[in-house]
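Residue strings, one per chain:
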Number of protein chains: 2
Amino acid sequence: MQRYKCIISYDGTNFSGYQVQPNKRTIQSVIEAVLEKMHKGRHVRISGSGRTDAGVHAKAQVIHFESPLAIPTERWETALNTMLPEDIAVLSVEKVSDTFHSRFDASGKEYRYVLSLSKKRDPFSRNYTYHYPYSLDIAAIEEACKYLLGTHDFSSFCSARTDVEDKVRTIETIDVSCSGEQLTFRFIGNGFLYNMVRILVGTLIEVGSGKRVPEEIQEILKKKDRQFAGKTAPAQGLYLWNVLYDS
Amino acid sequence: MQRYKCIISYDGTNFSGYQVQPNKRTIQSVIEAVLEKMHKGRHVRISGSGRTDAGVHAKAQVIHFESPLAIPTERWETALNTMLPEDIAVLSVEKVSDTFHSRFDASGKEYRYVLSLSKKRDPFSRNYTYHYPYSLDIAAIEEACKYLLGTHDFSSFCSARTDVEDKVRTIETIDVSCSGEQLTFRFIGNGFLYNMVRILVGTLIEVGSGKRVPEEIQEILKKKDRQFAGKTAPAQGLYLWNVLYDS
């Protein structure tokens, strides 16, 4: 048996998220079906660095799996890509030790969230950005971001549908950049709770639109209660951009 | 009755092309269904500047239609966008005289064709570019383009499935530009035959890959026979970019 670490990218539009669900097309089930075919009907389980929801994209998700097949490392990428549908791509495959774990070994993650501020509808970005055709006060958003940086209990920014106990996480970087009519939020941290990035973005949009003042972020964090934060921003603007490992 | 000129944009991925076909989702049928609803069941026919095939996109297609409804011009855009699916957008609506015709009045068109030259598969561009992960000799392509410029009988670059008699067209501009791993062909001309841009691109790719020399373009034009040109490049790389009108 050899363990492989595999970086994959997917357009989440036509998937019911990452995790296997009965009768749903998910990232995990599509990849496991391909591996099963390669292994002549033997089920091969993949483990991901984390789940992504329906409609959420990945530029570089990390998974691992084990295989007894004597395929040279450099051939795995082509073999998988040949069998995978066009909305999932394998970007790299490498041999790792039996102790490597895509989720437990991850030291951090980068997520990006993309808004389109265009006044006009754009059919080409409907599945890849959140269309928000209103003006936003970027300076206010940036001020609010400062209160989110560092180590906090992010209970207020976590979906109630979660079973994680410890909701303390550290956000190292948040930056907001504008390119044309596109506004991109970049979050780097040691870990993110269920729906955390989407709730952060939804709340920051409420700050940018003047519905809240930046200082309110401190109050929201203190409450440790989801109902005090803003709306969950829609899935299609979110990208799991990178999974970080020490070394 | 008032005639309206309307600029629309669409992601062609989930359409069986522009023209109405029984039991198919087409641009024309989706827009006509919306207009029919707005006109309480009365059918309203739209006329486009030209058809686009299944999978082909439009950044700015032009259509016209007539309506007796007393809707202020500035409200038409919102009214239509509210009812249209997200993969079609109305960019503008303006009143025109009863003699305006989106197709007959067009003095020219701009098409673009986008190739992705990336060695890696990209799930996000699969429906929006033609993935061609091989090297291309751009200088050879540009030399070949020179032979295409001007007025020619383009019979060799026209699908056999056409009933147009006169296959003489004028191409004013062809340019080829590289941005990152994306190669974009831009064609401006007074008119384009059925599949003409896709056959031109398919042939230019054969020049760029060394399968043909640039001078062969002259021979292909002379033959006036489709079988002498290259393959038809796939639909998803093609964009109707602009329809030109005098004045």
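Below is a short write-up of the structure. (Residues numbered from 1 in each chain as written. Chains lettered and ligands numbered in written order. Predicted model: local features only at pLDDT ≥ 70, side-chain atom pairs only at ≥ 80, totals over all residues. Heavy atoms only, no water.)

1. Some words on the overall build of chain A
For chain A, the helix and strand inventory stands at five helices and 10 strands. For 247 residues, the compact-globule estimate of 2.2 N^0.38 gives 18 Å, and chain A sits close to it at 19 Å. Across its three principal directions, the C-alpha atoms of chain A cover 60 × 40 × 35 Å. Contacts spanning at least 24 positions in sequence make up 70% of the contacts within chain A whose residues lie at least 6 apart. Roughly 11500 Å² of accessible area belongs to chain A as shown, and the carbon and sulfur atoms make up 48% of that amount. Taken together, the 32 basic and 30 acidic charged side chains of chain A have centroids lying 5 Å from each other. (Helix = DSSP H or I, 4+ residues; strand = E, 2+ residues; numbered from the N terminus. Rg over C-alpha atoms; globule rule 2.2 N^0.38 Å. Contact = heavy atoms within 4.5 Å. Areas by Shrake-Rupley, 256 points an atom, 1.4 Å probe, with all protein chains shown as cover. Lys, Arg positive; Asp, Glu negative; His and termini not counted. Charge placed at Lys NZ, Arg CZ, Asp CG, Glu CD.)

2. Side note on the interface of chain B and chain A
At the interface, 23 residues of chain B touch 23 residues of chain A. Carbon and sulfur atoms make up 52% of the area that chain B and chain A hide from each other, which totals about 2000 Å². A per-residue breakdown of the area chain B buries against chain A is headed by B:Arg121, B:Phe124 and B:Arg126, which together make up 40% of the total. Along the contact surface separating chain B from chain A lie four salt bridges. At the junction of chain B with chain A, the criterion picks out 12 residue pairs in polar contact (both at pLDDT 80 or more). Listing elements by their share of the side of chain B that touches chain A, those giving two or more residues are β1 (2–10), β3 (57–67), α2 (73–83) and β4 (88–96) of chain B. For the side of chain B that touches chain A, the class distribution of residues is 11 nonpolar, four polar and eight charged. (Buried area = accessible area lost by both parts, 1.4 Å probe. Salt bridge = Lys/Arg side-chain N within 4 Å of Asp/Glu carboxyl O. Polar contact = N/O pair within 3.5 Å; in protein donor to acceptor, adjacent residues only side chain to side chain. Nonpolar A, V, L, I, M, F, W, Y, C, P; charged D, E, K, R; others polar.)

3. Points about the state of the cysteines
Under the criterion given, the structure shown has zero disulfides over all chains. B:Cys178 provides the cysteine sulfur closest to B:Cys145, a residue in no disulfide bond, and the two sulfurs are 13 Å apart. (Disulfide = S-S within 2.5 Å.)

4. Some words on unusual backbone geometry
Most peptide bonds take the trans form, and the phi angle of most residues other than glycine is negative. Phi at A:Asn195 is positive, roughly 70 degrees, even though this residue is not glycine. Along the polypeptide, A:Asn195 turns up in the loop between β9 (182–189) and α4 (196–208). Phi angles above zero are rare outside glycine, and B:Lys40 is one such case at about 50 degrees. Its location among the elements puts B:Lys40 in the loop between α1 (27–38) and β2 (47–48). Using a relative accessible area of 78% as the deciding quantity, one classes B:Lys40 as exposed. (Buried < 20%, exposed > 50% of the residue type's maximum accessible area, 1.4 Å probe, protein only.)

5. Topic: helix α2 (residues 73–83) of chain A
Along α2(A), the positions that sit buried rather than exposed are A:Trp76, A:Ala79, A:Leu80 and A:Asn81. On its buried face, α2(A) is in contact with β1 (2–10), α1 (27–38), β3 (57–67) and β4 (88–96) of chain A.

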